[in-house]
Amino acid sequence: LLYAENRWYYTVTEVQQHTLDQFLPRKDAHIGLLELLGPILAAGAWPGFLPNRNWTAYIDNQGTLGSLMKGSSLPDDLDRLVGALWMYLAGFSCDLFVERVESKSNVADAPTRLEYSFVSMLGATFTAPAWPVWSGDLWLS
């Protein structure tokens, strides 16, 4: 979900197997990486709102929140994504502020569960999902 210029927008997409195959093996079903893909998807879907803006991303995953706040992470795959996101945003002179939100209060999760009543209530406009070009191959850069 995005709130900008007094309007609500939303996008939703399924993470492709090609993307999942790039992640290093872990025992947590890649939940931290999947949570990080939310802000990356938002940056790709709405690049027109990024230049010279302050942006707040509400995150319900402690590991992802910490990685975004630090600008790095110990696992190489997560570290590459966090670094690439920060570099991408820097190119727009965009400042990212991350804030913790309780999982049950995270309205952005609803469309990922195919629940759209909240987005309908907001009158949110659908935006076709788009990933930043750099997010297509995690190990290229």
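The following refers to the structure shown. Computed from a predicted structure; not experimentally measured.

Before going further, it helps to examine the pairing of strand E3 (residues 54-59). In E3, alternate side chains face the same way, and those of Trp55, Ala57 and Ile59 are buried while those of Asn54, Thr56 and Tyr58 on the opposite face are not. Two strands pair when backbone bridges link them, and E3 and strand E4 (residues 95-100) are joined in this way by 6 bridges, in the parallel orientation. Residue Thr56 lies in a different strand from E4, and its bridge partner there is Phe97.

Our focus in this paragraph is the packing of aromatic side chains. This model, assessed by the stated rule, comprises 6 aromatic pairs. Between the aromatic rings of Tyr9 and Phe49, the centroid separation amounts to 5.4 Å while the plane-to-plane angle is 50 degrees, which identifies the pairing as tilted. Of the two residues, Tyr9 sits in strand E2 (residues 7-10) while Phe49 sits in the loop between helix H2 (31-45) and E3, which places them 40 residues apart along the sequence. Here the two residues Tyr9 and Phe49 agree in accessibility, since each one is buried. Consider the rings of Tyr10 and Tyr116, whose centres lie 6.0 Å apart with planes at 55 degrees: the pair is tilted. Of this pair, Tyr10 sits in strand E2 while Tyr116 sits in the loop between E4 and helix H5 (117-122), and the two are 106 residues apart along the sequence. For Tyr10, a relative accessible area of 16% puts it in the buried group. Taken together, the aromatic side chains of Tyr10, Tyr116 and Phe126 make up a single cluster linked through ring pairs.

Looking at where Thr127 falls in the secondary structure, it is placed in the segment after strand E5 (125-126). The class of Thr127 is buried, set by a relative accessible area of 16%. With sequence-adjacent residues up to four places away left out, Thr127 is seen in contact with Tyr9, Tyr10, Thr11, Ala45 and Trp46.

Mapped onto the fold, Trp134 is located in the segment after E5. When its relative accessible area of 24% is taken as the criterion, Trp134 is described as partly exposed. Put simply, Trp134 and Tyr88 are 46 residues apart on the chain and 8.7 Å apart in space, counted from C-alpha to C-alpha. The residues touching Trp134, leaving out its near neighbours within four places in the chain, are Ile40, Leu81, Ala84, Leu85 and Tyr88.

Attention shifts here to the pairing of E2. With 3 bridges connecting them, strand E1 (residues 2-4) and E2 associate as antiparallel partners. Residue pairing for E2: Leu2 is matched across the bridge by Tyr9.

Here helix H3 (residues 62-70) has its buried residues at Thr64, Leu65, Ser67 and Leu68. Buried residues of H3, seen end-on, are gathered within an arc of 165 degrees and therefore sit on one face of the element. Of the exposed residues in H3, the ones pointing more than 90 degrees away from its buried face are Gln62, Met69 and Lys70. Residues of H3 that are buried sit in contact with H2, E3, helix H4 (76-91) and E4. The distance from a side-chain oxygen at the start of H3 to the backbone nitrogen of Gly63 is 3.1 Å, and the residue carrying that oxygen is Asn61. Following H3 by one or two positions, Gly71 adopts a phi angle in the positive range, close to 85 degrees.

Calculation criteria
- Residues numbered from 1 in each chain as written.
- Predicted model: local features only at pLDDT ≥ 70, side-chain atom pairs only at ≥ 80, totals over all residues.
- Heavy atoms only, no water.
- Buried < 20%, exposed > 50% of the residue type's maximum accessible area, 1.4 Å probe, protein only.
- Helix = DSSP H or I, 4+ residues; strand = E, 2+ residues; numbered from the N terminus.
- Pairing = 2+ DSSP bridges.
- Phe/Tyr/Trp six-rings, centres within 6.5 Å; stacked < 30°, edge-to-face > 60°.
- Contact = heavy atoms within 4.5 Å.
- Arc of directions from axis to C-beta.
- Polar contact = N/O pair within 3.5 Å; in protein donor to acceptor, adjacent residues only side chain to side chain.

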